[in-house]
Amino acid sequence: MHAFKLTIAAMAAAIATGCGGDDSGKSANESAKPRLAIQITSTQDFPGTYGSVGAYEKVSGTISGELDPKDARNRIIQDLELAPVNARGMVEYSTDFVLLKPKNMSKASGVLRYDAPNRGNILTMPNPSSTPSDAVYMERGYVMLYAAWQGDVPKSSAERLTAKVPVAINTDGSSITGTYRTELVPSTATSTMGLPGGVFNGTMLPYAPASLDNTAPGYSLTRRINETDKRELIPTSDWKFADCTLSAPFPGIADAGKVCLKDGFDPLYLYELVYVAKDPKVMGVGLAALRDAVHFFRSTEKDSNGSPNPLAGRIKYTLGQGTSQSGNAMKTFLHLGFNQATDGSRVFDGMYAHVAARQTNVNTRFAVPGGGGGLRTDHTAFGQTAPRGLDKSYVDDISGREGGVMRRCSESNTCPKFFLGLSGTEFWQLQGSPVLTNTQGSRDITQPDNARIYYYSSTQHGGAGGESSINYAPGRNVYPAGTVVHFNDTFRALFLALEDWVTQGTEPPASQTPLLADGTLVKPGSVQFPTMQGVQWKSGTGLSAIPAFNYLARYNNYELLEFGPQYRPEDESGIASILPPRQTGRQYPILVPQVDPRTGLTIAGIHSVEALAPLGTSVEFNYVASDKIVDLSNLTGSYIPFHKTRAQRIAAGDTRVSLEELYVDQDGYVQAVSAAARSLVEKRLLLQRDAELIIEKARNSAIFD
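1. As for the overall build of the chain
Helices and strands together make up the secondary structure of the chain, namely 13 helices and 32 strands. For the chain, whose C-alpha radius of gyration is 26 Å, the value lies close to the compact-globule estimate of 27 Å for 705 residues. With respect to the principal axes defined by its C-alpha atoms, the chain has extents near 85 × 70 × 50 Å. For the chain, the proportion of its 705 residues judged to be buried stands at 59%. The contacts in the chain between residues at least 6 apart in sequence include a share of 74% that link residues at least 24 apart. Accessible surface for the chain amounts to roughly 27000 Å². Of this, 50% is attributable to carbon and sulfur atoms.

Next up, the structure:
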């Protein structure tokens, strides 16, 4: 408790210093406003020079701010009323930020692009030396902003962006406690595992147990091999909150951040830990901090201390982007109403939620914003109760709830132009199809006029793409891991289309998704893959035979879950008291893209050059190589190359086309790549500069060798 008070005191001092100390000389109205102070800690030259815009610089710093808990626009934040306040009655926070800006701001285009960090990591810092086309953003005069929003990220490196949010306390000053659940998923045999646990959330700061006495009510550790298996209760005498080592074997050294198991953790098993946690962070403050940071850089001349805004007067438009977990967070930001600034204005004019099928659990007591989802792990985790549908009038007939992601912004007239991007992983692992259909999965639904949805055909969740990205470890994945088809070039072109939609009113490309109406969106059991067999791939220093493709129709189902009466599922907010959640048995149908029997590639969506001129089949999922674990390989696809000749594929019994049948020879392949690239450029789905690089790469290849 004392440590937290010191933290609040330090934050208060930072705000007071940044804002000039007391309020003398200010009007009563000014004094009542929440303060925001910016502290720049470093300014560095950014390599390169970019057309007429010239040189860029990287500006790093911290924003210290306040929230008014009485402001109606903040009231949705869970436990805000239980956050400590300063002498002004304000709740305090701080957030790290990085700006990438022209040195000469008169050359800036007026576009501020905010990219949400993913678990504190900057995923999209331009790097023209390795990815030359990244230069397009600087050549167009963008200002790039990265600012933290997630309050449980550790400062594990200088580059990681962190936010400090308050801890909620009871009105008598005592610690708040509550039920918390996590999964411990060992990759190797070990005696000890660290908290907070989880495949996706494991590197975040944990919630400490209220007591290290695991015999107290509300504490349990179970194990099972697969999600649907019966849980086996591990006796409390066999595990402790402790660190066990060779010199300190079980029961080890007491440690609130670790769990020691007497006989060790077995990687065959999935362990579920439930305990009484204490000191929940008011995690939703991070969304308000993001709102206020972007509004400051866009609209304010100076901070509360009179220090100048380095972007003052130069920003006309704001575009927000998040990838994967942070893309889910951007949807939650929009859904909970944070795209309306405290002065009523719009925060983001455009928003791109990239490979983001769900929402983020950032506004509950004991929130887990770093969590994910899967067939085996995180299967009933937070992040899947908020609406998938975008439209303000979306109706969920399974739960009986109404209102989609854009309900609140529609009411306040602050909705952005909105792009949603989906890879194949979003359909198979992350329950992506409900955004496209009614909740019964029986008809396609119309999307709002301000929204576009783009499905990146035959892709996995991320990665560089290309055959050089494929890795084959037969002991880990059944098939070579990765997809040659990727969306990196597509995303770049679409982001510029979003900019043009916002700044010029130019309509972007139409949504491209699989549909029930034309048979390109189907039940998993209806997908019809061709026979794919008799090929090899590099494994270690040699070649390994790839097993004949065996389609098992595995996917992550989507069930209506109940977390207790104090939980607000429609907003992914509140207090979860039932953990693990009650499984109702009511299922949202999951549908997936149908494939082309000639190639095994999916039919619908945006086909990149690698899909239009393929060298093999990029499958949007892979299977864990285990005869006991039933699971999809996490966020990972598969690649099965084509046979080179018709004779080879017929001899092998492979029903897909061969390279010879597709292209005849190397020149034919280059011509096919060139035609595909030109077509995508015409459709504004590929930049000319990327098309030229792709064609040059094809010319330098030798696909028949």
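Now, onward.
2. Some words on the sheet that holds strand β18 (residues 363–364)
As summarised here, the arrangement of the 3 strands in space is β18-β28-β27, forming an open sheet in which the pairing is mixed. Looking at the sheet topology across the chains shown, the edges are occupied by β18 and β27 (567–568). Sheet analysis places β27 next to strand β28 (residues 573–574), joined by 2 bridges and oriented antiparallel. In the strand pairing of β28, Tyr567 is matched with Gly574.

3. Some points on the nonpolar core
Core analysis: the biggest nonpolar cluster contains 177 residues, and Tyr114 and Phe297 have the highest contact counts within it. Counting residues per element, this core draws most heavily on helix α4 (residues 285–299), at 9 residues. If near-sequence neighbours (up to four positions away) are discounted, Phe297 is found in contact with Ile38, Ile63, Phe97, Leu99, Leu112, Leu145, Asn309, Pro310, Leu311 and Ile315. Ranked by size, the runner-up nonpolar core spans 5 residues in total, among them Ile398, Leu560, Tyr588 and Ile590.

4. Regarding the pattern of salt bridges
The full count for this structure, using the stated rule, is 29 salt bridges. Where Arg689 meets Glu139, a salt bridge forms, and the shortest distance between an N and an O atom there is 2.8 Å. Placement of the pair is Arg689 in helix α13 (residues 688–699) and Glu139 in helix α3 (residues 135–139), with a sequence separation of 550 residues. Of the residues examined, Arg689 reaches a relative accessible area of 28% and is grouped as partly exposed. Here Glu139 falls in the partly exposed class, since its relative accessible area comes to 35%. Between Arg223 and Glu232 there is a salt bridge, with the nearest N and O atoms lying 3.1 Å from each other. Residue Arg223 is classed as partly exposed on the basis of its relative accessible area of 25%. Residues joined in a network through salt bridges with shared partners are Asp134, Asp489, Arg492 and Asp690.

5. Digging into the packing of α4 against helix α5 (residues 325–335)
Interaxial distance between α4 and α5 falls to 11 Å at its minimum, and their mutual angle equals 85 degrees. By the angle between their axes, α4 is roughly perpendicular relative to α5. Taking contact as the criterion, the partners of Leu287, Leu290 and Arg291 in α4 are, on α5, Ala329, Met330, Thr332 and Phe333.

6. Description of the pairing of strand β17 (residues 350–354)
On a regular strand, one side chain projects to one face of the sheet and the next to the other, so that they alternate. Burial analysis of β17 places 5 of its 5 residues in the buried class, the great majority of the element. With burial as the criterion, each face of β17 is covered, one bearing Gly350, Tyr352 and His354 and the other bearing Met351 and Ala353. As paired strands, strand β16 (residues 317–323) and β17 are joined by 5 bridges and run parallel to one another. In the strand pairing of β17, Gln321 is matched with Tyr352. Regarding topology, α5 serves as the crossover connection from β16 to the parallel β17, and that connection is right-handed. One ladder, built from 5 bridges, connects β17 with strand β21 (residues 417–422); its direction is parallel. If you follow Tyr352 over to β21, its bridge partner there is Phe419.

7. Structural notes on the packing of aromatic side chains
Describing an aromatic ring pair means giving the distance of the ring centres and the angle of the ring planes. Inspection of every chain in the model, using the stated rule, returns 42 aromatic pairs. With a centroid separation of 6.4 Å and an interplanar angle of 55 degrees, the aromatic rings of Tyr479 and Tyr623 are classed as tilted. Highlighted residues: Tyr479 in the loop between β22 (451–455) and α8 (488–504) and Tyr623 in the loop between β31 (616–619) and β32 (638–641), separated in sequence by 144 residues. Take Tyr479: its relative accessible area is 2%, and that puts it in the buried class. An aromatic cluster is defined as three or more aromatic residues linked by ring pairs; in this entry it consists of Tyr137, Tyr142, Tyr352, Phe419, Tyr454, Phe491, Phe495 and Trp501.

8. Some remarks on the state of the cysteines
This model, assessed by the stated rule, comprises 2 disulfides. What pairs with Cys409 in a disulfide is Cys415, and their sulfur atoms sit 1.9 Å apart. Judged by the sign of its S-S torsion, about 85 degrees, the cystine formed by Cys409 and Cys415 is right-handed. Side by side, Cys409 and Cys415 carry an identical accessibility label, which is buried.

9. What to know about the side chain of Thr617
Relative to the helices and strands, Thr617 is located in strand β31. Take Thr617: its relative accessible area is 0%, and that puts it in the buried class. A polar side-chain atom of Thr617 sits 2.9 Å from a polar atom in the side chain of Arg656.

10. Observations regarding α5
Of all the 11 residues making up α5, 11 are buried; the element is thus mostly covered by neighbouring parts of the structure. When α5 is considered as a whole, its buried residues turn out to be Gln325, Ser326, Gly327, Asn328, Ala329, Met330, Lys331, Thr332, Phe333, Leu334 and His335. Residues of α5 that are buried make contact with β4 (111–115), α4, β16, β17, α6 (407–412) and β21. Directly beyond the C-terminal end of α5, a positive phi value near 95 degrees is found at Gly337.

11. A few points about the environment of Asp303
Within the fold, Asp303 resides in the loop between α4 and β16. Considering only alpha carbons, one finds Asp303 and Gln39, 264 residues apart in sequence, at a separation of 9.8 Å. Engagement of the side chain of Asp303 in a polar contact is seen with the backbone nitrogen of Ser307, the distance being 2.8 Å.

Conventions and cut-offs
- The residue numbering used here restarts from 1 in each chain and proceeds along that chain's sequence as written.
- In keeping with the predicted nature of the model, local features appear solely for residues at pLDDT of at least 70, side-chain atom pairs appear and are counted solely at 80 or more, and the whole-chain, interface and lining totals rest on all residues.
- The side-chain quantities take in all heavy atoms of the structure and omit both hydrogens and water.
- In DSSP terms, a helix is any run of H or I states spanning at least four residues, a strand is any run of E spanning at least two, and both are numbered starting from the N terminus.
- C-alpha atoms define the radius of gyration, and 2.2 Å times the number of residues to the power 0.38 defines the globule rule.
- Burial status follows relative accessibility: with a 1.4 Å probe on protein chains alone, a residue under 20% of its type maximum counts as buried, one over 50% as exposed, and anything between as partly exposed.
- When checking whether two residues touch, look at their non-hydrogen atoms; a contact exists if any pair is within 4.5 Å.
- With residues, only the protein chains shown are counted as cover, and all accessible areas are computed by Shrake-Rupley using a 1.4 Å probe.
- Here, strands pair whenever DSSP counts at least two bridges between them.
- Take the buried residues of types Ala, Val, Leu, Ile, Met, Phe, Trp, Tyr and Cys, join any two whose side-chain atoms come within 4.5 Å, and each joined set is a nonpolar core.
- Salt-bridge detection follows one rule: a side-chain nitrogen of Lys or Arg within 4 Å of a carboxyl oxygen of Asp or Glu.
- Under this scheme, a helix contributes an axis fitted over its contacting stretch, all axes are lines through C-alpha atoms, and angles between N-to-C directions fall in the 0 to 180 degree range.
- These descriptions rest on fixed angle ranges, namely under 35 degrees for roughly parallel, over 145 for roughly antiparallel, 65 to 115 for roughly perpendicular, and the rest for oblique.
- Think of it like this: strands point away, you trace from the first strand over the helix to the second, and a clockwise trace means the crossover is right-handed.
- Any pair of Phe, Tyr and Trp rings, taking the six-membered ring for Trp, is counted once the centres come within 6.5 Å. Such a pair is stacked with planes under 30 degrees apart, edge-to-face with planes over 60 apart, and tilted for the rest.
- To count as a disulfide, a pair of cysteine sulfur atoms needs to be within 2.5 Å.
- Any pair of nitrogen or oxygen atoms within 3.5 Å is treated as a polar contact; in protein, a donor-acceptor pairing is required on top of that, and neighbouring residues in sequence qualify only through side-chain atoms on both sides.

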